[in-house]
Amino acid sequence: MARGPRKTLEEKIAAKEELIEALTARIESERQELAEMYKEKRNIQLESIDNMLEEWSLSPQEAQEALRRYVDQRGEAV
């Protein structure tokens, strides 16, 4: 069964370059999508913290000071 004419080396090189360009574009697209997912995750976490502050009637400054005390105490216990 005949397959047709064989590709020249130049044609093979051009095809490989096209493939690499397509894969590079795909990787960049996937990286952007991953970055968006990380942003969404961060926003969900921040919203959760904001809800806790509101529930406990704490200002951001009060929460910051409480966390600072907690970390300091934890460091002394180690």
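Residues numbered from 1 in each chain as written. Predicted model: local features only at pLDDT ≥ 70, side-chain atom pairs only at ≥ 80, totals over all residues. Heavy atoms only, no water.

Participant: So, the pattern of salt bridges: which residues are in play, and what are the values?
Facilitator: For the coordinates displayed, the defined rule picks out three salt bridges. When the shortest N-O distance is used, the salt bridge between Lys39 and Glu36 registers 3.9 Å. Taken together, the positions of Lys39 and Glu36, both in helix H1 (residues 9-55) and three residues apart, correspond to about one turn of that helix. Overall, the relative accessible area of 49% leaves Glu36 in the partly exposed class. A salt bridge links Arg69 to Glu65; the nearest nitrogen and oxygen atoms lie 3.8 Å apart. Of the two residues, Arg69 and Glu65 both sit in helix H2 (residues 60-77), four residues apart, roughly one turn of that helix. (Salt bridge = Lys/Arg side-chain N within 4 Å of Asp/Glu carboxyl O. Helix = DSSP H or I, 4+ residues; strand = E, 2+ residues; numbered from the N terminus. Buried < 20%, exposed > 50% of the residue type's maximum accessible area, 1.4 Å probe, protein only.)

Participant: So what's going on with the layout of surface pockets? Residues and values would help.
Facilitator: Taken as a whole, the largest pocket spans an internal volume of roughly 170 Å³. Residue lining of the largest pocket: Ile49, Met52, Leu53, Trp56, Leu58, Pro60, Ala63, Gln64, Ala66 and Leu67, and that is the complete set. Those elements giving two or more residues to the lining of the largest pocket turn out to be H1 and H2. Among the residues making up the lining of the largest pocket, the classes are represented as nine nonpolar, one polar and no charged. (1 Å grid on protein atoms, 1.4 Å probe; cavity = no way out; pocket = protein on both sides within 12 Å on 5 of 7 lines; lining within 4 Å. Points joined across faces, edges and corners; volume = space filled by probe spheres on them. Nonpolar A, V, L, I, M, F, W, Y, C, P; charged D, E, K, R; others polar.)

Participant: Please give an account of the environment of Glu65 that cites residues and values.
Facilitator: On the basis of relative accessible area, Glu65 is assigned to the partly exposed category, the value being 36%. Residues Glu65 and Lys7 lie 58 residues apart in sequence; the distance between their C-alpha atoms is 70 Å.

Participant: Give me H1: which residues, what numbers.
Facilitator: Taking 1.5 Å per residue as the helical rise, H1 with its 47 residues ought to reach 69 Å, and the 69 Å between its terminal C-alpha atoms agrees with that figure. One or two steps after H1, the chain reaches Ser57, where phi turns positive at roughly 55°. (Expected span 1.5 Å × (residues − 1).)

Participant: Go over a positive patch on the surface, please, and point to the residues and values.
Facilitator: Together, Arg3, Arg6, Lys7 and Lys12 make up a positively charged patch on the protein surface. By secondary structure assignment, the location of Lys12 is in helix H1. (Patch = residues over 30% accessible without salt bridge, like charges linked within 9 Å, V, L, I, M, F, W, Y side chains within 5 Å. Areas by Shrake-Rupley, 256 points an atom, 1.4 Å probe, with all protein chains shown as cover. Lys, Arg positive; Asp, Glu negative; His and termini not counted. Charge placed at Lys NZ, Arg CZ, Asp CG, Glu CD.)

Participant: Pulling in residues and values, what's your account of unusual backbone geometry?
Facilitator: Negative phi characterises most residues that are not glycine, and trans characterises most peptide bonds. Even without glycine at this site, Ser57 takes up a positive phi of about 55°. As for its position among the elements, Ser57 is in the loop between H1 and H2. Taking relative accessible area as the criterion, Ser57 reaches 62% and is therefore assigned exposed.

Participant: Lay out a negative patch on the surface with the relevant residues and their values.
Facilitator: A cluster of acidic residues, Glu10, Glu11, Glu17, Glu18 and Glu21, forms a negative patch at the surface. Here Glu10 shows up in helix H1. A residue is classified by how much of its surface remains accessible, and Glu10, at 58% relative accessible area, is exposed.

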